[in-house]
Amino acid sequence: GEKPIYYYHDSNYLLFSSELSGIENNNLIKFEIDYSSVNLFLRFGYVPAPKTIYKKVFKLNPGKFLRIKKKNFVEKKIETYFNPQKIFQENMSSKKNISLKDASNHLEKLLINSISSQLIADVPVGALLSGGIDSSLICALAQESSDLPLNTFTVGFNEKDFDESKSARKIANHLGTNHQEIFLKPEEIISHIPKILGHIDEPFGDSSLIPTFMIMKHASQNVKVVLSGDGGDELFGGYNRYTQVENIWPILKNIPYPLRNLIKLTLQNLPYSLFDKIYSGSIDKVSSKINKFLSRSLHVKSLQEFYTSLLGENIKNNLLLSKKNIH
């Protein structure tokens, strides 16, 4: 049930590993780049499962397991053991009317059970603390479940636009954790990039992996396990696009395409610094968000397409599917 798992199979071989490099380190098969996966990477910043950057090498999707008969490696079956959508639909159909207070109390119990179970280890445990809602909540509940001060770690930057250490420090002081901060300098980050790239199995476009690597390197000198807030936005609707889609689509779908293009051209010709001044303090980096919205969303024709446009870059699906387009 653990992820990730990569696998390759043909009539002669079955290879599987928790890292793509584990499959690469052999002379049994010839690897070919899958250009449809390159296209997905350029759109989303990573290669979504079940595809990988190579042809005939796959990632197992969450909630699945792979069954292959050893008599005939070609015969395979992917089976589902956990389907969140099905569980959600079943719960919705049998939902009971409970108060917001009861629901929040129940959620708190679930979080406490989940976090306290992750703290059971025969090695020192810590947590990454950014000062945001997700990591702060996890650290608060983890500290509540621990008799000793929790080891918390924050990465900081001298550039104010990227620095979250002040918020994290406030939370750490409030919770009474054993808090450590590391401040990264540009030259230090640059010197580590070759090593960081060496640990990435596939093209991956999230620049946060660089500070994450650095803070993990520092934390590993003190603890062997860390909890983090990753996944909180997906579970609890923390991304702006969730509310943007719901609020903007009813308006957008009624605007004719020629008018949409006129709006786009008008807004793009205004200086973006103007938007930052208008929304100063209320919306973070509003000019880049408006630019992102204009470039990705004004062409959409459905609610689903609108949501997908906010997930990635607007790249034509067939951009890299033929040899002549590779360059």
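The structure we're discussing is the one just above.
Residues numbered from 1 in each chain as written. Predicted model: local features only at pLDDT ≥ 70, side-chain atom pairs only at ≥ 80, totals over all residues. Heavy atoms only, no water.

Asker: How should the overall build of the protein be read in this particular structure?
Answerer: Regarding its fold elements, the protein presents 14 helices and nine strands. Residues classed as buried in the protein amount to 28% of the 327 residues present. Summing over all exposed atoms, the protein offers an accessible surface of approximately 22,200 Å²; the carbon and sulfur share of this is 55%. (Helix = DSSP H or I, 4+ residues; strand = E, 2+ residues; numbered from the N terminus. Buried < 20%, exposed > 50% of the residue type's maximum accessible area, 1.4 Å probe, protein only. Areas by Shrake-Rupley, 256 points an atom, 1.4 Å probe, with all protein chains shown as cover.)

Asker: Hey, could you run me through the packing of helix α4 (residues 100-118) against helix α5 (residues 133-144) in this one?
Answerer: To describe two helices that pack against each other, one gives the angle between their axes and the distance between the axes. Packing of α4 against α5 brings their axes to within 9 Å, and their N-to-C directions diverge by 70°. When the axis of α4 is compared with that of α5, the two are roughly perpendicular. Where α4 approaches α5, its residues Leu-111, Ile-112 and Ile-115 are matched on the opposing element by Leu-137, Ile-138, Leu-141, Ala-142 and Glu-144. By residue class, the composition of the contact of α4 with α5 is seven nonpolar, no polar and one charged. (Axes fitted to C-alpha atoms, helices over the stretch in contact; angles between N-to-C directions. Parallel < 35°, antiparallel > 145°, perpendicular 65-115°, else oblique. Contact = heavy atoms within 4.5 Å. Nonpolar A, V, L, I, M, F, W, Y, C, P; charged D, E, K, R; others polar.)

Asker: How should I be thinking about helix α2 (residues 35-44) in this particular structure?
Answerer: Within an α-helix, residues lying three or four positions from one another point in the same direction, as the helix has 3.6 residues per turn. Considered for burial, the residues of α2 that qualify are Ser-36, Ser-37, Val-38, Asn-39 and Arg-43. Looking at the buried positions of α2, the neighbouring elements they touch are α14 (303-311). Phi for Gly-45, located one or two positions after α2, is positive at around 90°.

Asker: Whenever I open this one, the packing of helix α7 (residues 186-198) against helix α8 (residues 209-219) confuses me. Can you help?
Answerer: Contact geometry for α7 and α8: axes closest at 10 Å, N-to-C directions at 90°. The pairing of α7 with α8 is recorded here as roughly perpendicular in orientation. Counting all contacts with α7, which are made through Glu-188, Ile-189, His-192, Ile-193, Lys-195 and Ile-196, the residues of α8 involved are Leu-209, Ile-210, Phe-213, Met-214 and Lys-217. In terms of residue class, the contact of α7 with α8 is built from seven nonpolar, one polar and three charged.

Asker: Sorry, what's going on with the sheet that holds strand β3 (residues 57-59) here?
Answerer: What links the strands of a sheet is backbone hydrogen bonding, and the strands pair in either a parallel or an antiparallel sense. The strand order β2-β1-β3 describes an open sheet built from three strands, whose pairing is antiparallel. This sheet does not close on itself; its edge strands, each paired only once, are β2 (14-17) and β3. Direction aside, the axes of adjacent strands within the sheet are offset by 20° on average. As paired elements, strand β1 (residues 6-9) and β2 share four bridges and run antiparallel to each other. Residue Tyr-8 lies in a different strand from β2, and its bridge partner there is Leu-15. (Pairing = 2+ DSSP bridges.)

Asker: What's the story with the sheet that holds strand β8 (residues 178-184) in this structure? I'm lost.
Answerer: Sheet architecture is open: four strands sit in the order β8-β7-β6-β9, paired in parallel fashion. Unpaired on one side and paired on the other, β8 and β9 (225-227) mark the two borders of the sheet. The average undirected angle you get between the axes of adjacent strands in this sheet is 30°. The sheet contact formed by strand β6 (residues 125-128) and strand β7 (residues 151-157) spans three bridges and is parallel. Looking at the pairing, Ala-127 lines up with Thr-152 of β7.

From the geometry alone we can't say anything about function, so treat these as descriptive.
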